[in-house]
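Each chain, written out:
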Amino acid sequence: MPAQLGAWKQKIVAFAGALGAPGLFLISFLDSSFLTFPVINDLLLIELSMRRPALMPLYASMAVLGSLLGCVSLFLLARKVEEAAFHQKVGARGKAIRRWVERNGFGGMLVAAMLPPPTPFKFFVLAAGVFEVPLMSFASAVGLARAIRYFGVGYLAVRYGADALPYLMRHKLQVAIFVIVFVAVSYAVSRLVLRERKQSEDKA
């Protein structure tokens, strides 16, 4: 357990770990919304998946769902935040984050959610809410990014055991770049296919 966690956070983590899948949901929700538990959800996912590999898809799904709902809760709360308050909270990075969110939409949120720590992803969530990114676009991007992350971690836990997280930490940049490129290509191909299908339907 990371030493920087306060005593009360350590109690929450211990309680969540004893609950199994529901506890993983709880930690992921809190980490993505109102509190911060650095890499704890990844560690819990690895530990639980090592204990019961057959349940890895359940554990990963709980982590995805908890993180998604936590992000959506923060997003909805940010809808009530004034722009001035956002810039006061975020500081000098506020303008750059706002431009990124407004210009790139779904793709921008997807890339931001895939970037490894110490990327301040909660600032992007706040910006998405303050500057009125459509909820479905936001939720789709975060859900896809979290699914890739947690199912990937779960797979590595089943395959490599306790070495899964060190492996990710050593190769986090390479993994993030590979996933971003893969998702970007998949997204571009899907958009092209849908556009061609729409053009065919219009001609029919």
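Keep in mind that what you see is a predicted model, and the values were worked out from it rather than measured.

1. Remarks on the packing of helix α2 (residues 21-32) against helix α3 (residues 40-51)
- Remark: α2 packs on α3, axes separated minimally by 9 Å, with the N-to-C direction vectors making an angle of 165 degrees. Regarding the angle of α2 to α3, the classification is roughly antiparallel. Crossing geometry of α2 relative to α3 is assigned as left-handed. Judged by residue contacts, A21, L24, I27, S28 and D31 of α2 engage I40, N41, L44, L45 and L48 from α3.

2. Thoughts on helix α7 (residues 121-130)
- Counting buried positions along α7 yields nine of ten residues, so the element is predominantly enclosed.
- For α7, the secondary structure elements touched by its buried residues are α4 (56-78), α5 (83-90), α6 (94-114) and α8 (135-160).
- Just downstream of α7 lies E132, where phi reads positive at about 60 degrees.

3. Some words on the packing of aromatic side chains
- Evaluated as defined, the whole model comprises three aromatic pairs.
- Consider the rings of F75 and F138, whose centres lie 4.4 Å apart with planes at 20 degrees: the pair is stacked. With a gap of 63 residues between them, F75 in helix α4 and F138 in helix α8 connect regions that are remote in the sequence. For the residue pair F75 and F138, the accessibility class agrees, reading buried in each case.

4. Looking at the confidence of the model for the chain
- Put simply, the chain has an average pLDDT of 80, and 78% of its residues get 70 or more.
- Model confidence for the chain, summarised as mean pLDDT per element, is weakest for helix α10 (residues 172-203) at 61 and strongest for α4 at 94.

5. Digging into unusual backbone geometry
- Even without a glycine there, the phi angle at E132 is positive, about 60 degrees.
- By the secondary structure assignment, E132 is in the loop between α7 and α8.
- Relative accessible area serves as the criterion here: at 60%, E132 is assigned to the exposed category.

6. Observations regarding the environment of F131
- Relative to the helices and strands, F131 is located in the loop between α7 and α8.
- Judged by its relative accessible area of 14%, F131 is buried.
- Between the C-alpha atom of F131 and that of F86, which follows or precedes it by 45 residues, the distance is 9.9 Å.
- Setting aside chain neighbours within four positions, we find F131 in contact with E83, F86, H87, R98 and E102.

7. Overview of the side chain of S32
- Tracing the chain through its elements places S32 in helix α2.
- A distance of 2.8 Å separates polar atoms of two side chains, one belonging to S32 and the other to S67.
- Residue contacts for S32: discarding those within four places in its chain leaves S67, G70, C71, L74 and K122.

8. Focus: the pattern of salt bridges
- In the structure shown here, the tally under the stated rule is three salt bridges.
- E47 is paired through a salt bridge with R51; the nearest N and O atoms lie 2.4 Å apart. Note that E47 and R51 are positioned in helix α3 at a spacing of four residues, about one turn of the helix.
- Accessibility expressed as a relative area gives 35% for E47, which makes it partly exposed.

9. Topic: the side chain of D42
- Relative to the helices and strands, D42 resides in helix α3.
- A distance of 2.5 Å separates the side chain of D42 from the side chain of R149, its partner in a polar contact.

10. Focus: the nonpolar core
- With 31 residues, the main nonpolar core has F86, I97, V101, M109, F121 and F138 as its most contacted residues.
- Setting aside residues up to four positions removed in sequence, F121 forms contacts with C71, M109, A112, A113, V142 and R146.
- Counting 22 residues, the second largest nonpolar core, distinct from the first, contains V13, F37, Y59 and A60.

11. With respect to the packing of α2 against α4
- Put simply, α2 and α4 touch, their axes get as near as 7 Å, and they point 30 degrees apart. As summarised for this structure, α2 and α4 are arranged roughly parallel, according to the angle between their axes. α2 and α4 meet at a crossing whose hand is right-handed. Only L58, Y59, M62, A63, L65, G66, S67, L69, G70, C71, S73 and L74 of α4 make contact with α2, whose side of the interface consists of A21, L24, F25, S28, F29 and S32.
- In terms of residue class, the contact of α2 with α4 is built from twelve nonpolar, six polar and no charged.

Here is what the cut-offs are and how they apply
Residues numbered from 1 in each chain as written. Predicted model: local features only at pLDDT ≥ 70, side-chain atom pairs only at ≥ 80, totals over all residues. Heavy atoms only, no water. Axes fitted to C-alpha atoms, helices over the stretch in contact; angles between N-to-C directions. Helix = DSSP H or I, 4+ residues; strand = E, 2+ residues; numbered from the N terminus. Parallel < 35°, antiparallel > 145°, perpendicular 65-115°, else oblique. Left-handed = near helix turned anticlockwise from the far one by under 90°. Contact = heavy atoms within 4.5 Å. Buried < 20%, exposed > 50% of the residue type's maximum accessible area, 1.4 Å probe, protein only. Phe/Tyr/Trp six-rings, centres within 6.5 Å; stacked < 30°, edge-to-face > 60°. pLDDT = per-residue confidence, 0-100. Polar contact = N/O pair within 3.5 Å; in protein donor to acceptor, adjacent residues only side chain to side chain. Salt bridge = Lys/Arg side-chain N within 4 Å of Asp/Glu carboxyl O. Core = buried A, V, L, I, M, F, W, Y, C linked by side-chain atoms within 4.5 Å. Nonpolar A, V, L, I, M, F, W, Y, C, P; charged D, E, K, R; others polar.

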